[in-house]
Amino acid sequence: MTPRDLDWSAEEMRALGYAVVDAVVDRHEGLRDDVPWRGGTRAELEALFREPCPEEGRDVRTVLARATDEILPRSGRIDHPRFMAFVPASPVWPAILADWLATGFNIFQGTWLGGGGPSQIELVVLEWFREWLGMPEGAGGLFTSGGSAANLTAAVAAREKAARRGPVADLRAYVSDQAHSSVTRALRIAGIGPDQVRGIPVDDGLRMRPDALRDAVERDRNAGLVPGFVVGNGGATNTGIVDPLESLAAVAREAGAWFHVDAAYGGFAVLAPGGDERLAGIGSADSVTLDPHKWLFQPYEAGCLLVRDPGDLERAFRVSAEYLQDTELGLEHVNFGDRGVQLSRSFRALKVWMTLQVHGRAALARAVEGALRLADHAAERVRDAPELRLLAEPSLSVVCFQARPGPGHPAHPKPGAGPAEAGGEALDAFNQGIQDRIVAEGTAMISSTRIHGRFALRLCILNHRTRRADVDAVLDRIIELARGA
C-alpha cells in the first residue's frame, strides 16, 4: 500500500493503525524475554540508515517494518523489568492510548480558545498533584516536556521575582553538588552565571546542610546581594536522597528567597504509605518539579511544574501580541502559553487523567510502594553480602554500592582506608568492568555514579513490572562476578 495523496482514506488509516497497535502490543508482550538494552555505534547506524530523502513514496508496510524491526529496537528498553539505569519509565497502556488520542485529535493547548476542554483537564490534574503534595489552595502550574523544562521555568520565574528586589547581577542561587544537571543548565539559560551560584555543602548522607545554607545566605545579605533561588532535592537523581526540605524552606523564607524542590524523580513517592514523611516539607516549596513520565508510569513527554502562586509564572512569561487578541477570554480562562516557554504545546495531561480514571490512585500508589520495598530489599542484600558495600543509605528507590573482590586482588580495599580512597582506582576499574559485563551480556541495564569520589554501581528501581526475582538476579550476578575475580 503506497498512498499518493496526503489525505488518506478511512480504510488505509485503519489498516495501518491496527498494524501499529499489533506492533506495540507484541513489543510489550515480548519485553521480559528481550534484553534491557541494545544499541549501535554511529558508524554502524550510519551504514544502516544514511540515504537520500526519497523523492517518491514507498510501500507503507515496508516503511513500518523498517521502523519496528531496525530503528526502534536499537535503543534502551527503559520499561524492561531489569532496566535499572538512570531513571526508568514504564508507561501503562491507558497512557499510551491517551498520547495517541491527543496526537490524533491534533490538540493545540497553548490557549483556552484553542483547547478549552483539554485546558480544564490540565487544571484538574494539577489540582490532584497539589493535593498530594500538600501545597496550599491556589497553587497551580503547567505540564512541561520534562523536568529540565520545569526547572528552567522555575528559575526564570524566581529570577523575575527577585529582580524586584535588586539587579539580576546581584541575585544569588544556592544548590548542592547533588542537584541535577538540568538545574545548572536552567540557571545558565536564565542568565544566572557561575559566579552567582553558591555551592552548599552536604552532610555525610549527601543532604544539603541547612546551617551551611543559612551561613551562605547571611554572608550574601551582608554583602548587599539578593538571595533569590534555593534548590532542594525531593529525591536526587544521583542517589535518591531527599534534602531536609522543611528546614531549607525555613531558611529560604527568612531570606525572602524562592525555594524550589526538584522532585522530578521522587515526588510521586508521596503516594506510597509513609511517602509524605519521606518528602516532609515539600508542600512548603514555592515551586516543585515533577515528572509523571517517571514514577507515575507515563510515556514521554510528561513533566510538570507546580508553583505556590501561578501569577508568578504569568508575570514572568506572559507576552501580548496583536494576533493573540482573540484568546483573551478573562482571567478565569487559563492560557497555559502564558505560564511557560511554549505557546504551541500538546495535551500532555490527558494521559495522566486517563491513567487515573482507569486504574485509580490506589493502584499507582501500590506500584510506587512496591518499588520502594524492592529498593529496601536490594539495600538489605547489599549490607548482608561481604562482596558488596553500600555507599549511601537510600531515601527512596536508588541503591548505590560497590562490588569488592577478595584478598589478593589488586582492587581489594586496603585495611584502614577511608571511604574516599578504599580500593583506589583499581576498585573503580573493577566495578566498571562488572557494570560493562552486566550490560553486555544482557543481564540488566545498570548505570554508575560517584559517591564520595568513588565509582559506584547504581540501581534505580521504578518499574511496576520489576519483581524481587529481577532484583535478586542482578545482585546474584554481580556477587558471582565479584567472587570470580
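Reading the values: rules and limits
Residues numbered from 1 in each chain as written. Predicted model: local features only at pLDDT ≥ 70, side-chain atom pairs only at ≥ 80, totals over all residues. Heavy atoms only, no water. Helix = DSSP H or I, 4+ residues; strand = E, 2+ residues; numbered from the N terminus. Rg over C-alpha atoms; globule rule 2.2 N^0.38 Å. Buried < 20%, exposed > 50% of the residue type's maximum accessible area, 1.4 Å probe, protein only. Areas by Shrake-Rupley, 256 points an atom, 1.4 Å probe, with all protein chains shown as cover. Lys, Arg positive; Asp, Glu negative; His and termini not counted. Charge placed at Lys NZ, Arg CZ, Asp CG, Glu CD. Contact = heavy atoms within 4.5 Å. Polar contact = N/O pair within 3.5 Å; in protein donor to acceptor, adjacent residues only side chain to side chain. Phe/Tyr/Trp six-rings, centres within 6.5 Å; stacked < 30°, edge-to-face > 60°. Pairing = 2+ DSSP bridges. Axes fitted to C-alpha atoms, helices over the stretch in contact; angles between N-to-C directions. Core = buried A, V, L, I, M, F, W, Y, C linked by side-chain atoms within 4.5 Å. Salt bridge = Lys/Arg side-chain N within 4 Å of Asp/Glu carboxyl O. Parallel < 35°, antiparallel > 145°, perpendicular 65-115°, else oblique. Nonpolar A, V, L, I, M, F, W, Y, C, P; charged D, E, K, R; others polar. Expected span 1.5 Å × (residues − 1). Arc of directions from axis to C-beta.

Trainee: Explain the overall build of the chain to me, please; I cannot follow it from the model alone.
Mentor: Regarding its fold elements, the chain presents 15 helices and 11 strands. Relative to a compact globule of 485 residues, whose C-alpha radius of gyration would be 23 Å, the chain shows 24 Å and is just as compact. Taken over the C-alpha atoms alone, the chain extends approximately 75 × 65 × 45 Å along its principal axes. Across the 485 residues in the chain, those meeting the buried criterion constitute 51%. About 22,100 Å² of surface is accessible on the chain, with carbon and sulfur atoms providing 52% of the total. Side-chain charges in the chain split into 54 positive and 65 negative, and the spacing between the mean points of these groups amounts to 4 Å.

Trainee: Can you walk me through the environment of Leu-213 in this structure?
Mentor: With respect to the helices and strands, Leu-213 occurs in helix H8 (residues 210–222). Taking C-alpha positions, Leu-213 is 31 Å from Leu-126, a pair spaced 87 residues apart along the chain. For Leu-213, the residues in contact, after removing those within four places along its chain, are Tyr-174, Ile-200, Met-208, Val-230, Leu-248 and Val-251.

Trainee: Explain helix H12 (residues 310–317) to me, please; I cannot follow it from the model alone.
Mentor: Each full turn of the α-helix corresponds to 3.6 residues, which orients residues three or four apart in the same direction. Looking at H12, one finds that the buried residues are Pro-310, Gly-311, Asp-312, Leu-313 and Phe-317. N-capping of H12 is provided by Asp-309, with a side-chain oxygen placed 2.9 Å from the backbone N of Gly-311.

Trainee: Would you mind showing me how to read the packing of aromatic side chains here?
Mentor: Aromatic ring pairs are defined here through the distance separating the ring centres and the angle between the ring planes. Applying the stated criterion across every chain, the model contains 5 aromatic pairs. Arranged with centres 5.5 Å apart and planes meeting at 45°, the rings of Phe-129 and Trp-132 form a pair that is tilted. Of the two residues, Phe-129 and Trp-132 are both situated in helix H5 (residues 116–133); the distance of 3 residues between them amounts to about one turn of the helix. Taking relative accessible area as the criterion, Phe-129 reaches 1% and is therefore assigned buried.

Trainee: What am I meant to see in the sheet that holds strand E8 (residues 388–392) here?
Mentor: Paired through their backbone hydrogen bonds, the strands of a sheet run either parallel or antiparallel. Strand order in the open sheet formed by 4 strands is E8-E9-E11-E10, and the pairing between neighbours is antiparallel. Looking at which strands have only one partner, the edges of the open sheet turn out to be E8 and strand E10 (447–451). Taking the axes of each pair of neighbouring strands and ignoring which way they run, one obtains an average angle of 45° across the sheet. The sheet strands contacting helix H13 (residues 349–384) are E8 and strand E9 (398–403), and the helix crosses E8 at an angle near 125°.

Trainee: How do you make sense of the nonpolar core when you look at a structure like this?
Mentor: Burial of nonpolar side chains together is a common tendency in soluble globular proteins. Grouped together as the largest cluster of nonpolar side chains are 127 residues, with contacts concentrated most on Phe-129, Trp-295 and Ile-478. Examining the composition of this core, we find that 16 residues originate from one element, H13, more than from any other. If we ignore the near neighbours within four places in the chain, the residues touching Phe-129 are Phe-143, Phe-268, Leu-290, Pro-292, Leu-296, Cys-304, Leu-306 and Val-352.

Trainee: Where do I start with the pattern of salt bridges in this structure?
Mentor: When charged atoms on two side chains of opposite charge get close, those side chains can pair. Under the defined criterion, the tally for this structure stands at 36 salt bridges. Salt-bridge contacts for Asp-291 lead to Lys-294; the nearest nitrogen and oxygen are separated by 2.3 Å. Here the two residues Asp-291 and Lys-294 agree in accessibility, since each one is buried. A salt bridge links Arg-315 to Asp-309, with the shortest nitrogen-to-oxygen separation between them at 2.9 Å. Through salt bridges with shared partners, a single ionic network connects Glu-51, Arg-58, Arg-66 and Glu-70.

Trainee: What should I look at first to understand the packing of helix H6 (residues 147–162) against H12 in this one?
Mentor: The relative placement of two packed helices comes down to the angle between their axes together with the axis-to-axis distance. Packing of H6 against H12 leaves a shortest axis separation of 9 Å and a crossing angle of 85°. On the basis of the axis angle, H6 is roughly perpendicular to H12. For the pair formed by H6 and H12, the contact residues are Thr-153, Val-156, Ala-157, Glu-160 and Lys-161 on the first element and Asp-312, Leu-313, Ala-316 and Phe-317 on the second. Residues that form the contact of H6 with H12 fall into these classes: 5 nonpolar, 1 polar and 3 charged.

Trainee: Explain unusual backbone geometry to me, please; I cannot follow it from the model alone.
Mentor: It is generally the case that most residues other than glycine have a negative phi and that most peptide bonds are trans. Looking along the chain, the bond that leaves Tyr-300 and enters Glu-301 is cis, with omega of 5°. Within the fold, Glu-301 resides in the loop between helix H11 (292–295) and strand E7 (303–307). Even without glycine at this site, Phe-297 takes up a positive phi of about 65°. Structurally, Phe-297 is set in the loop between H11 and E7. For Phe-297, a relative accessible area of 2% puts it in the buried group. The phi dihedral of His-452 falls on the positive side, at around 50°, and the residue is not glycine. Mapped onto the secondary structure, His-452 falls in the loop between E10 and strand E11 (454–460).

Trainee: When you look at the pairing of E10 in this model, what are you seeing that I'm missing?
Mentor: For a regular strand, side-chain orientation follows a simple rule: the groups alternate between the two sheet faces. Of the two faces of E10, only one is covered, namely that formed by Ser-447, Thr-449 and Ile-451; the face formed by Ser-448 and Arg-450 stays uncovered. Remark: 2 residues form the turn of the hairpin made by E10 and E11, two consecutive strands paired antiparallel; His-452 in that turn has positive phi of roughly 50°.

Trainee: Sorry if this is basic, but what is going on with helix H4 (residues 93–104) here?
Mentor: The end-to-end C-alpha distance of H4, which contains 12 residues, comes to 16 Å, matching closely the 16 Å that a straight helix rising 1.5 Å per residue would cover. Looking at H4, one finds that the buried residues are Pro-94, Ala-95, Ala-98 and Ala-102. Down the axis, H4 shows its buried residues gathered within 95° of arc, on one side only. Opposite the packed face of H4, turned more than 90 degrees from it, sit the exposed residues Thr-103 and Gly-104. Here the buried face of H4 lies against H13. Following H4 by one or two positions, Asn-106 adopts a phi angle in the positive range, close to 55°.

Interpretation in functional terms is not warranted from these geometric data alone.
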